[in-house]
Amino acid sequence: MAGIWLCWGLLPSAFGEGQTAVPKGKSAKGKAATKIQMNNFAYHWGQLMPLVVSPANFTAKEYETKIKEHLTALAAGSHNIEANMPIPEDDPALKYVARKFDRHFNRTLDLFNNGQKGQARRLLRKSSRFCISCHTRHSGGQFNLQSDYISSLKNFSDLERAEYLAAIRQFPEAIKYFELALSKPEFAKRAPDQWATAAKKMLAIVVRVKQDPYLAMELISKIREDKAVPKQLSDDSLIWRGDAKAWSKEKHDPKATVADRMAEIKQWRSRSEKFRKRGSEGGLIYELRASAKAHELLVAANGKPYQQELLFLSGQIAEDLAEINLWTLHETYYEACIRVKPKTAVAKECFGRLNKIKQDQFQKKLWGEKYKAQVESWLKALKLLSVP
């Protein structure tokens, strides 16, 4: 996929249901307009982040007008960008990521306007996942977007700074701050689960984006040096290091077919699944590699017979990795799977996975009534498309 889809601005826009690729004559104009609007979007998001980090500031009366101004711009921007962005034909999942992103910011604005500032802040803290979900899907494109639109990082913790930098594709800096956060013994003792998740997020960048087995081995060794590391992660990291070492010795096979690569992806995921059934994440390195490899294949899969199966497989992998919270793509892959080839057995399977996810969310009351009705209507439409 062209690098431009991966690096413009911070976030994708919302796409209309019936849009098709922009004609070639309009492409350059649309891309230029999109870049300007994306940068504008990035500015407003960056201005909000220092306030989001502080619960006191975010709920303070003195900042209410400023927050509302930036939130309104973000919600409006998710619609405005749509008018000019050419649709990438080689990435059917992107428009569904974009639509989800659009709902996210409009819902956040509604919550803030209704006085539910704590919930609005919670959603904004998750907003970087949309950046990362697109910006880390491919090893190409620009890796170091400028961050001069953010007011200040001084109130960010090392971990928050790492996640923010990952969102804007400043991966070397993100890794540095993940390391700083993980090097603090009190962090591992105080919040072992959060510490473990941070370690896995750092590895996700190194394995999935940078695709560097040697750096992975180096960082895993540092993780293992920490005496406060949770036992389960210590056990898993020993397996990770062995897998990274084996990866460093692999030789690329230029004659491998798409079928060969898909079989390899399935094998890697299956290996990870066996670990998960034992309560271990020992298969993380292979699962992350499967994620990267699947996306590489998707870039060239548009209209190919294997596209739907690959979208389904990508959805399952993304769902397996959802706990890391760097990518929010499993739902979008399942939706794309249904829409690219409706009324097939695979479409039905994709809907089954997607519907289960949403029903679980309803049970946990993660949606207000207004948005629950919208999601239920969306599910109903997808179910009609999925039944053979």
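Since this is a predicted model, take the numbers as computed values, not measurements.

Trainee: How should I be thinking about the side chain of Arg269 in this particular structure?
Mentor: Considering the arrangement of structural elements, one finds Arg269 in helix H14 (residues 258–277). Under the relative-accessibility criterion, Arg269 is labelled buried at 10%. Apart from the residues within four sequence positions on either side, Arg269 is in contact with Arg276, Glu287, Leu313, Gln316, Ile317, Asp320 and Arg353.

Trainee: Can you walk me through the nonpolar core in this structure?
Mentor: For soluble globular proteins, nonpolar side chains are generally found buried alongside one another. Trp195, Leu233 and Leu310 are the most contacted members of the largest nonpolar core, which has 73 residues in total. Ranked by residue count, the leading element in this core is helix H11 (residues 192–209), at 11 residues. Residues in contact with Trp195, not counting those within four places in the same chain, are Leu182, Phe187, Ala188, Ile223, Asp226, Val229, Pro230 and Leu233. Ranked by size, the runner-up nonpolar core spans 22 residues in total, among them Leu71, Leu74, Phe101 and Leu124.

Trainee: Hey, could you run me through the packing of H11 against helix H12 (residues 213–225) in this one?
Mentor: Axis separation between H11 and H12 bottoms out at 9 Å; the angle between their running directions is 165°. In terms of orientation, H11 and H12 fall into the roughly antiparallel class. Seen from above, H11 lies across H12 with right-handed handedness. Counted together, Trp195, Ala199, Met202, Leu203, Val206 and Val207 of H11 and Leu215, Ala216, Leu219, Ile220 and Ile223 of H12 form the full contact between these two elements. Looking at the contact of H11 with H12 residue by residue, the class counts come to 11 nonpolar, no polar and no charged.

Trainee: Looking at this model, I keep getting lost on the confidence of the model for the chain. Mind explaining?
Mentor: Mean pLDDT over the chain stands at 79; residues scoring 70 or higher make up 75%. Per-element confidence in the chain is highest for H14, whose mean pLDDT is 95, and lowest for helix H1 (residues 4–7), whose mean pLDDT is 26. Note that residues 1–26 has pLDDT below 50 and, in this model, 88 contacts with residues that lie over four places away or in other chains. Below a pLDDT of 50 lies the segment residues 138–145, which in the model reaches 29 contacts outside its immediate sequence neighbourhood of four places, other chains included.

Trainee: Would you mind going over the pattern of salt bridges with me for this structure?
Mentor: Where charged atoms of side chains with opposite charge meet at close range, the side chains can pair. All chains considered together, the criterion is met by 19 salt bridges. A salt bridge links Lys231 to Asp235; its shortest N-O distance comes to 2.9 Å. Here Lys231 and its partner Asp235 are both found in helix H13 (residues 231–248), 4 residues apart, which amounts to about one turn of the helix. Each of Arg269, Arg276, Glu287 and Asp320 takes part in salt bridges that share partners, so that together they form one network.

Trainee: I would appreciate a short explanation of the state of the cysteines in the present structure.
Mentor: One way to say it: the disulfide is the covalent bond shared by the sulfur atoms of two cysteines. Applying the stated rule across the entire model yields 1 disulfide. There is a disulfide in this structure between Cys337 and Cys350, and the S-S distance comes to 2.1 Å. Across the disulfide from Cys337 to Cys350, rotation about the S-S bond amounts to roughly 80°, and the bridge is consequently right-handed. Of this pair, Cys337 sits in helix H17 (residues 330–340) while Cys350 is found in helix H18 (residues 345–363), placing the two residues 13 residues apart along the sequence. Exposure class is identical for Cys337 and Cys350. Each is buried.

Trainee: Hey, could you run me through the packing of helix H9 (residues 171–182) against H11 in this one?
Mentor: Pairs of packed helices are described in terms of their axes, by the angle between the two and the distance that separates them. Across the interface, H9 lies against H11 with an axial gap of 10 Å and an inter-helix angle of 155°. In terms of orientation, H9 and H11 fall into the roughly antiparallel class. Handedness of the crossing formed by H9 with H11: left-handed. Contacts between H9 and H11 involve Phe171, Ala174, Ile175, Phe178, Glu179 and Leu182 from the first element and Trp195, Ala198, Ala199, Lys201, Met202, Ile205, Val206 and Val209 from the second. Considered class by class, the residues forming the contact of H9 with H11 number 12 nonpolar, no polar and 2 charged.

Rules used throughout
- Residues numbered from 1 in each chain as written.
- Predicted model: local features only at pLDDT ≥ 70, side-chain atom pairs only at ≥ 80, totals over all residues.
- Heavy atoms only, no water.
- Helix = DSSP H or I, 4+ residues; strand = E, 2+ residues; numbered from the N terminus.
- Buried < 20%, exposed > 50% of the residue type's maximum accessible area, 1.4 Å probe, protein only.
- Contact = heavy atoms within 4.5 Å.
- Core = buried A, V, L, I, M, F, W, Y, C linked by side-chain atoms within 4.5 Å.
- Axes fitted to C-alpha atoms, helices over the stretch in contact; angles between N-to-C directions.
- Parallel < 35°, antiparallel > 145°, perpendicular 65-115°, else oblique.
- Left-handed = near helix turned anticlockwise from the far one by under 90°.
- Nonpolar A, V, L, I, M, F, W, Y, C, P; charged D, E, K, R; others polar.
- pLDDT = per-residue confidence, 0-100.
- Salt bridge = Lys/Arg side-chain N within 4 Å of Asp/Glu carboxyl O.
- Disulfide = S-S within 2.5 Å.

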